[in-house]
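Each chain, letter by letter, is given below.
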Amino acid sequence: MSQPVHDGVELIPRPERNPAALKAALAVVAADRLPEMIDGQTKAMVEAITTGNVQPIRSFVAHWAAVVEIERHPATAQAWHRANYLANHAATVAECREHAATVAELYRAAYAAVNA
C-alpha cells in the first residue's frame, strides 16, 4: 500500500472549508474539475432543500476539501492520477484492485487530513 506522497511542495495553502474557498482553490490546482464541482454543488443543494437536511452540503464540502488537498500537493496528485489511470486501464481484475486501493488510500489520507 502506498502512503500520501508529500515532498514538502504545496501549490497553494490549504483553503478554508467552504464552497467559495474550495472553488477558488480548485480553479488554481485543477481547473478542469470545476464543472464537476459545480454540478456536485448543485446536486447537494437540491438534495439539502428537498430533504430539509444540510448533510448533503456537508458531504460536498468534505469531499471537495479532500480533492483539493490531493491536488495542492503535486507529488500526491501525480500518484493519485497515475493510480486512477492504471486502475481504469488494468489488464486484470487483480491489477485494477491494486491500483484502486492506492487511489482509495490516498483519498482517505487527504480526507482525514482536512476533515479531522
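Refer to the preceding data block for the structure.
What you are looking at is a predicted structure, and each value in this text was computed from that prediction instead of being measured.

Each value, and the rule that gives it
- Residues numbered from 1 in each chain as written.
- Predicted model: local features only at pLDDT ≥ 70, side-chain atom pairs only at ≥ 80, totals over all residues.
- Heavy atoms only, no water.
- Phe/Tyr/Trp six-rings, centres within 6.5 Å; stacked < 30°, edge-to-face > 60°.
- Helix = DSSP H or I, 4+ residues; strand = E, 2+ residues; numbered from the N terminus.
- Buried < 20%, exposed > 50% of the residue type's maximum accessible area, 1.4 Å probe, protein only.
- Polar contact = N/O pair within 3.5 Å; in protein donor to acceptor, adjacent residues only side chain to side chain.
- Contact = heavy atoms within 4.5 Å.
- Core = buried A, V, L, I, M, F, W, Y, C linked by side-chain atoms within 4.5 Å.
- 1 Å grid on protein atoms, 1.4 Å probe; cavity = no way out; pocket = protein on both sides within 12 Å on 5 of 7 lines; lining within 4 Å.
- Points joined across faces, edges and corners; volume = space filled by probe spheres on them.
- Nonpolar A, V, L, I, M, F, W, Y, C, P; charged D, E, K, R; others polar.

**Q** An account of the packing of aromatic side chains is requested, with residue identities and associated values reported.
**A** Evaluation of the coordinates by the stated rule reveals one aromatic pair. Residues Tyr107 and Tyr111 carry aromatic rings whose centres are separated by 6.1 Å and whose planes lie at 35° to one another, so their mutual orientation is tilted. In this pair, Tyr107 and Tyr111 are both assigned in helix α5 (residues 93-114), four residues apart and thus about one turn of the helix distant. Here Tyr111 falls in the partly exposed class, since its relative accessible area comes to 35%.

**Q** Quick one: what's the story with the side chain of Glu69, residue by residue and with numbers?
**A** If you trace the backbone, Glu69 turns up in helix α3 (residues 55-71). Taking the relative accessible area as the measure of exposure, Glu69 reaches 4% and is therefore buried. There is a polar contact of 2.8 Å between the side chain of Glu69 and the side chain of Arg72. Residues contacting Glu69, with those up to four places away along its chain left out, are Arg14, Ala110, Ala113 and Val114.

**Q** I'd like to hear about the nonpolar core, residue by residue, with values.
**A** Among the nonpolar cores identified, the biggest contains 24 residues, and Leu22, Leu26, Met37, Phe60 and Trp64 are the most heavily contacted of them. Among the elements of the structure, α1 (19-29), α2 (34-51), α3, α4 (74-88) and α5 are those that each provide at least two residues to this core. Ranked by residue count, the leading element in this core is α3, at eight residues. Residue contacts for Leu26: discarding those within four places in its chain leaves Ala31, Arg33, Leu34, Met37, Trp64, Val67 and Val68.

**Q** Lay out empty space enclosed by the protein in plain terms, naming residues and giving numbers.
**A** Tallying each qualifying case throughout the model produces one cavity of 30 Å³ or more. Size it by volume and the largest cavity reaches roughly 40 Å³. As for the largest cavity, its lining consists of Arg33, Val67, Ile70, Glu71, Trp80 and Tyr107. With three residues, the single largest contributor to the lining of the largest cavity is α3. Residues of the lining of the largest cavity, tallied by class, amount to four nonpolar, no polar and two charged.

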